[in-house]
Amino acid sequence: MAVNLTELSLPQLEGLKTQLDQETEFLSSSIGQLKVVQTKYVEAKDSLNVLNKSNEGKELLVPLTSSMYVPGKLNDVDHVLVDVGTGYFVEKNVEDGKEFFKRKIDFLTKQIEKIQPALQEKHAMKQAVVEVMNMKLQQLQSQQASQSGTTKA
């Protein structure tokens, strides 16, 4: 159902603007979160490129936390454990690991592409509401100015 914005009162327009602000904030936040996860998958996929025979046996630092590491040695360059969610890990060969991350990256890209038009539409709607609010405020000010002008005369 389409609503003519010019028929709404200023308080109704203000409420609509607030709602659109909240929706655009939510959609922007969702896109941001998807991009963070997507970046993690891209980094994970890229890190699989160091797993080759020339790096086998090399020393490395193994993260225990985000700020604590222990020394280690790269023994198996053919297999990785991939976090598939909710604490489950699956052993995969390197190529399957790359394919897994590629699928995840592609899925997230599609989700972002689905949300982007909705966000743009909400921005456009908000802009239209602001323009109508400004128009109504100008009309109100000009009415008040003309009323104050007629009361002086």
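See the structure printed just above.
Residues numbered from 1 in each chain as written. Predicted model: local features only at pLDDT ≥ 70, side-chain atom pairs only at ≥ 80, totals over all residues. Heavy atoms only, no water.

Undergrad: Before we go on, may I ask you to explain the environment of Asn52 in this structure?
TA: Mapped onto the fold, Asn52 is located in the loop between helix 1 (10-47) and strand 1 (59-63). Taking the C-alpha atoms as reference points, Asn52 and Leu13, separated by 39 residues in sequence, lie 61 Å from one another. (Helix = DSSP H or I, 4+ residues; strand = E, 2+ residues; numbered from the N terminus.)

Undergrad: Would you mind going over the layout of surface pockets with me for this structure?
TA: Any space left empty among the atoms is revealed by the rolling of a water-sized probe across them. The computed volume of the largest pocket comes to approximately 510 Å³. Forming the boundary of the largest pocket are 17 residues, of which Ser47, Leu51, Leu60, Pro63 and Val80 lie nearest the centre. Where the lining of the largest pocket is concerned, the elements lending two or more residues are helix 1, strand 1, strand 2 (69-73) and strand 3 (79-85). (1 Å grid on protein atoms, 1.4 Å probe; cavity = no way out; pocket = protein on both sides within 12 Å on 5 of 7 lines; lining within 4 Å. Points joined across faces, edges and corners; volume = space filled by probe spheres on them.)

Undergrad: Explain the pairing of strand 3 here, please?
TA: On a regular strand, each side chain points to the face opposite its neighbour's, so the side chains alternate between the two faces of the sheet. Across 6 bridges, the pairing between strand 3 and strand 4 (residues 88-93) is antiparallel. Opposite Val80, over in strand 4, you have Lys92 as the bridge partner. What sits between the antiparallel neighbours strand 3 and strand 4 is a turn of 2 residues, in which Thr86 has the positive phi angle 45°. (Pairing = 2+ DSSP bridges.)

Undergrad: Is there a simple way to explain the environment of Gln38 in this structure?
TA: Counting through the fold element by element, Gln38 comes out in helix 1. Here Gln38 falls in the buried class, since its relative accessible area comes to 15%. Considering only alpha carbons, one finds Gln38 and Asn55, 17 residues apart in sequence, at a separation of 27 Å. Beyond its immediate stretch of four places on either side in the chain, Gln38 contacts Ile105, Leu108, Thr109 and Ile112. (Buried < 20%, exposed > 50% of the residue type's maximum accessible area, 1.4 Å probe, protein only. Contact = heavy atoms within 4.5 Å.)

Undergrad: Explanation requested: the nonpolar core in the structure shown.
TA: It is characteristic of soluble globular proteins that their nonpolar side chains tend to be buried jointly. If you look at the biggest cluster of nonpolar residues, it comprises 18 residues, and the most contacted ones within it are Leu48, Leu51 and Phe101. Listed by contribution, the elements that provide at least two residues to this core are helix 1, strand 3 and helix 2 (94-152). The element that contributes the greatest number of residues to this core is helix 2, accounting for 8 residues. Leu5, Leu8, Val129 and Met133 belong to the second-largest nonpolar core, a separate cluster that totals 7 residues. (Core = buried A, V, L, I, M, F, W, Y, C linked by side-chain atoms within 4.5 Å.)

Undergrad: Please clarify how the packing of aromatic side chains should be interpreted in this entry.
TA: Geometrically, a pair of aromatic rings is defined through the distance of the ring centres and the angle of the planes. Taken as a whole and assessed by the stated rule, the structure comprises 2 aromatic pairs. Relative to Phe101, the ring of Tyr41 lies with its centre 5.8 Å away and its plane at 40°, an arrangement referred to as tilted. Pair noted here: Tyr41 is in helix 1 and Phe101 is in helix 2, with a separation of 60 residues, a long-range link. For the pair Tyr41 and Phe101, a shared accessibility class is recorded, and that class is buried. Of the aromatic side chains, those joined through ring pairs into one cluster are Tyr41, Phe100 and Phe101. (Phe/Tyr/Trp six-rings, centres within 6.5 Å; stacked < 30°, edge-to-face > 60°.)

Just geometry here; none of it tells us what the structure is for.
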